[in-house]
Amino acid sequence: MTGTERRGGDVTGYFTEQNSVETVNGRTGPNADPRLAHVMASLVRHLHNFVREVELTQDEWEIGIDFLTRTGQICTHERQEFILLSDTLGVSMLVDAINNRRTPPATENTVFGPFHVEGCPVRQMGDSICLDGKGETCLFAGRVTDLDGKPISGARIDVWSDNADGYYDVQQPGIQPQWNNRGVFVTGDDGQYSFVGIKPVSYPIPDDGPVGAMLAGLDRHPYRPAHMHYMVRAEGFQKLVTHTFVGGDKYLESDAVFGVKQTLVAPFTKLDGEKTEWRSDYDFVLMPARQKR
Ligand SMILES: [Fe+2]
């Protein structure tokens, strides 16, 4: 019998450098959840091949264990360093891309990010979401439609952005007013939306922890290009989670979390001599809800 032969879901042989994948995966028993067994078998295969490919040293293994330990230890209710790690390695965007394949003219998804807060007050169309009075004011406007361009009534549009200093309200409790630069708007029969916010500014992701050290070690900057977050939900349609990005931002092609898509770069037009300083128009096109299997 070789080391990879199975007996009742177990492996009879010993672990060797050559048969490591088969030996570990061979331990999975017949009663394991099939999807979990499939995912873990692939994870083990890729992990072992990674270790083999780089010939990981004992010191490097210890650095890796320490890195993951510190990544967990810095997590709090407000700070999720593992999501940041996933984001900066492009994993979050890949999972989002696989799970939200869109065909034009549907609006593309991008990362949700860690700063959305459920329960924001519903505001009237045209209202301002900027409560701290900082930043350059900007009118955001457009329509929510289906794939045929028909307006969607009752679409709930959640919006949120950083303030002029580059921080979300939840990052500065007691400094920024609650719900600063956030709002929920519900479309009428014309599918139109409009609100006044600020022209968002680019900001660094939290970079004082292990993920920041990793970025520095890789000679990568921690900045995200300026963006406005949107989540659009409507009965009978797929949920859209996206941003619009400020055209011309210097970080558009080097977003620390890889969230930029060409179709999400929006025009921001300077308005001369008006109370509101900028205007950005963007239409959201929703896909019909998936059929339940
Ligand atoms: Fe953001």
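These lines cover the structure that appears in this document, whether it is placed above or below. Worth saying up front: this structure is predicted, and the values here are computed from it rather than measured.

### A look at the coordination of the iron ion
Here the iron ion is held by Tyr168 (OH), Tyr203 (OH), His227 (NE2) and His229 (NE2), and the distances to it run 2.0 to 2.2 Å. Around the iron ion, the four donor atoms sit at angles spanning 91 to 163°, and that spread fits a shape best called irregular.

### Digging into the packing of aromatic side chains
Applying the stated criterion to the full structure yields 13 aromatic pairs. When the ring of tyrosine 193 is compared with that of tyrosine 230, the centres are 6.3 Å apart and the planes differ by 65°; the resulting orientation is edge-to-face. In this pair, tyrosine 193 sits in strand E6 (residues 192-198) while tyrosine 230 sits in strand E9 (residues 227-233), placing the two residues 37 residues apart along the sequence. When sorted by exposure, tyrosine 193 lands in the same class as tyrosine 230, which is buried. Where tyrosine 230 meets phenylalanine 284, the ring centres are 4.6 Å apart and the plane angle is 50°; that geometry is what we call tilted.

### Considering empty space enclosed by the protein
On inspection of all chains with the given rule, the structure shows one cavity of 30 Å³ or more. The calculated volume of the largest cavity comes to roughly 100 Å³. Along its surface, the largest cavity is lined by 13 residues, and Asp87, Gly113, Pro114, Tyr203 and Arg224 are the ones closest to its centre. Going through the elements one at a time, helix H4 (81-88) and E9 are the ones with two or more residues in the lining of the largest cavity. For the lining of the largest cavity, a count of residues per class yields eight nonpolar, three polar and two charged.

### With respect to the pairing of strand E10 (residues 240-246)
Buried residues dominate E10, accounting for seven of its seven residues. Strand direction decides the pairing type here: E9 and E10, joined by six bridges, are antiparallel. Paired with histidine 229 across the bridge in E10 is histidine 243. Hairpin remark: E9 followed by E10, antiparallel, with six residues in the connecting loop; positive phi at glycine 236, about 90°.

### Here's the deal with the sheet that holds strand E11 (residues 265-266)
Spatial ordering of the open sheet is given by E5-E4-E9-E10-E11, a layout of five strands whose pairing is mixed. The open sheet has two free edges, formed respectively by strand E5 (182-186) and E11, since each of these has just one partner strand.

### Side note on the pattern of salt bridges
If charged atoms from side chains of opposite charge come close, those side chains can pair. Tallied over the full model, the rule gives nine salt bridges. Note that arginine 79 is salt-bridged to glutamate 81, the shortest N-O span being 2.9 Å. When sorted by exposure, arginine 79 lands in the same class as glutamate 81, which is buried. Note that arginine 233 and glutamate 118 form a salt bridge whose closest N and O atoms lie 3.6 Å from each other. One end of the pair, arginine 233, is in strand E9; the other, glutamate 118, is in the loop between helix H5 (91-99) and strand E3 (137-145), and 115 residues separate them in sequence. By relative accessible area, glutamate 118 is classed as exposed at 52%. Linked by salt bridges that have partners in common, Arg79, Glu81 and Asp208 make up one network.

About the cut-offs
- Residues numbered from 1 in each chain as written.
- Predicted model: local features only at pLDDT ≥ 70, side-chain atom pairs only at ≥ 80, totals over all residues.
- Heavy atoms only, no water.
- Donors = N, O, S within 2.8 Å, 3.2 Å for Na, K, Ca; no water.
- Tetrahedral: all angles 85-135°; square planar, octahedral: opposite > 155°, others 65-115°.
- Phe/Tyr/Trp six-rings, centres within 6.5 Å; stacked < 30°, edge-to-face > 60°.
- Helix = DSSP H or I, 4+ residues; strand = E, 2+ residues; numbered from the N terminus.
- Buried < 20%, exposed > 50% of the residue type's maximum accessible area, 1.4 Å probe, protein only.
- 1 Å grid on protein atoms, 1.4 Å probe; cavity = no way out; pocket = protein on both sides within 12 Å on 5 of 7 lines; lining within 4 Å.
- Points joined across faces, edges and corners; volume = space filled by probe spheres on them.
- Nonpolar A, V, L, I, M, F, W, Y, C, P; charged D, E, K, R; others polar.
- Pairing = 2+ DSSP bridges.
- Salt bridge = Lys/Arg side-chain N within 4 Å of Asp/Glu carboxyl O.

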